[in-house]
Amino acid sequence: MAANSTPESPLPVGEVSRLIGGWIDRLGAVWVEGQITQLSRRPGAGVVFLTLRDPSYDISVSVTCYRQVFDAVADVVGEGARVVVHAKPEWYAPRGQLSLRAAEIKPVGVGELLARLEQLKKALAREGLFAAERKKPLPFLPQLIGLVCGRASAAERDVLENARHRWPAVRFEVRNVPVQGVHAVPQVVQAVKELDALDDVDVIVVARGGGSVEDLLPFSDEQLVRAVAACRTPVVSAIGHEPDSPLLDLVADLRASTPTDAAKKVVPDVGEEYERVRLLRDRARRCVAAFVDREERGLAHALARPSIQDPQRMIEERAEQVTALLERGRRSLRHHLDRADSELTHTHARVVALSPAATLKRGYAVLQRADGHAVRDPGVVEPGETLRARVSEGDFSVRVDA
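Caption draft 1: Quick look at the sheet that holds strand β1 (residues 30–40). The five strands lie next to each other as β1-β2-β3-β5-β4, forming a closed barrel whose pairing is mixed. Between one strand and the next, the sheet's axes are offset by a mean angle of 55 degrees, whatever the strand orientation. Sheet topology note: the β1/strand β4 (residues 82–92) ladder contains six bridges and is antiparallel. Within β4, the residue paired with Val-32 across the bridge is Val-85.

Structure below.
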């Protein structure tokens, strides 16, 4: 419950400290897991002081215990070890400090760590953070590579030397951070986020040499895994050696077995690329030469055809055919004209032979009445009627006698 206080009647510091101590006393004993960062065992002192830190967050708490409590695990527990502590929160009112009074300390074994990692791995996999469709492809030739590694470490040297040996013009943006211990996770996460925020960085490599399971635990931390999953820049995991497999390997866009392998996978080899370009150039040259040869053969075959070698031949052949047809047409027309002329001459002779003029030339005459009708019957004329007689050489008048 909130303490009753006003600006006119504030609570003294001692009273506030006493109230906080009362609230904390009601919490009771709890089991706490963390990593020992500081350990103080003064000779002859009956109390051991240590600091317990959450490796995923920048949070620490002081722990005190009697010497006999710590001596029970002193052979297997030291700075950097993960432990589970059964302790009761205590409030030291004079200084306003919170601490834990440990009644039991248990080291966290490797088997237990691996079991917890397996549970975390399954939980993250169910969220889809390890799905293949989330993986981003790496650029063929990154202009700027972000590198997260330990300061002056073998991993940094391997990545830089091998990458520059393969492609001398490659550039790096290096972030040196702790790669093990209680400060590793927050600083690695911060370095990854900083590099991801840089537009010039094309790919991020997180590298570390080999180590024990405990040494590589920061790279299986949930906070780091989620930070890498949220990156828009492709991330390459190069942690430890081939058998090592932290959760960072599963969420990264590409896993490299070693830092040296990361340099080989991220940066192309200039010699290999030059050789590939040479082979492709030779292949292109052969393809063009083969195409030109094929076209030349086709052109030579086309030029060898009679129609190309003697183009006038077809015209001459067609000219001969035209001349023959023209002569044939002329003969046919001449034949038709001759036959028509013969028929016309014959018909003309018949017409002439059968014409009235020919009859008149043989001495016949045609008598016509005044109305121009020919007289065919003597009974139609009257005595004394004047008729007109036509002969071959002209005509004259005659009179009908009784």
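Caption draft 2: Layout of the pairing of β4. Sheet topology note: the β4/strand β5 (residues 97–107) ladder contains 10 bridges and is antiparallel. Note on β5: the bridge partner recorded for Val-84 is Lys-106.

Caption draft 3: Expanded view of the packing of aromatic side chains. Counting across every chain of the model gives zero aromatic pairs. Of note, Arg-101 hangs over the ring of Tyr-66, and the distance from its end group to the ring centre comes to 5.1 Å.

Caption draft 4: Fine view of a positive patch on the surface. Together, Arg-328, Arg-330, Arg-331 and Arg-334 make up a positively charged patch on the protein surface. By secondary structure assignment, the location of Arg-334 is in helix α11 (residues 311–354).

Caption draft 5: Focus on the pattern of salt bridges. Summed over the entire model, instances satisfying the criterion amount to 19 salt bridges. Here Arg-285 and Asp-282 are joined by a salt bridge, their closest N and O atoms 2.9 Å apart. You can see Arg-285 and its partner Asp-282 sitting in helix α9 (residues 270–303), three residues apart, about one turn around the helix. Each of the salt bridges in this network shares a partner with another, and the network as a whole consists of Glu-275, Arg-278, Asp-282 and Arg-285.

Caption draft 6: Structural detail: a nonpolar patch on the surface. Side chains of Val-288, Phe-291 and Val-292 sit close together on the surface and give an oily, nonpolar patch of about 260 Å² of accessible area. Within the secondary structure, Val-292 is located in helix α9. Relative accessible area serves as the criterion here: at 36%, Val-292 is assigned to the partly exposed category.

Cut-offs used in this document
Residues numbered from 1 in each chain as written. Predicted model: local features only at pLDDT ≥ 70, side-chain atom pairs only at ≥ 80, totals over all residues. Heavy atoms only, no water. Pairing = 2+ DSSP bridges. Helix = DSSP H or I, 4+ residues; strand = E, 2+ residues; numbered from the N terminus. Axes fitted to C-alpha atoms, helices over the stretch in contact; angles between N-to-C directions. Phe/Tyr/Trp six-rings, centres within 6.5 Å; stacked < 30°, edge-to-face > 60°. Lys NZ or Arg CZ within 6 Å of the ring centre and 35° of its normal. Patch = residues over 30% accessible without salt bridge, like charges linked within 9 Å, V, L, I, M, F, W, Y side chains within 5 Å. Areas by Shrake-Rupley, 256 points an atom, 1.4 Å probe, with all protein chains shown as cover. Salt bridge = Lys/Arg side-chain N within 4 Å of Asp/Glu carboxyl O. Lys, Arg positive; Asp, Glu negative; His and termini not counted. Charge placed at Lys NZ, Arg CZ, Asp CG, Glu CD. Buried < 20%, exposed > 50% of the residue type's maximum accessible area, 1.4 Å probe, protein only.

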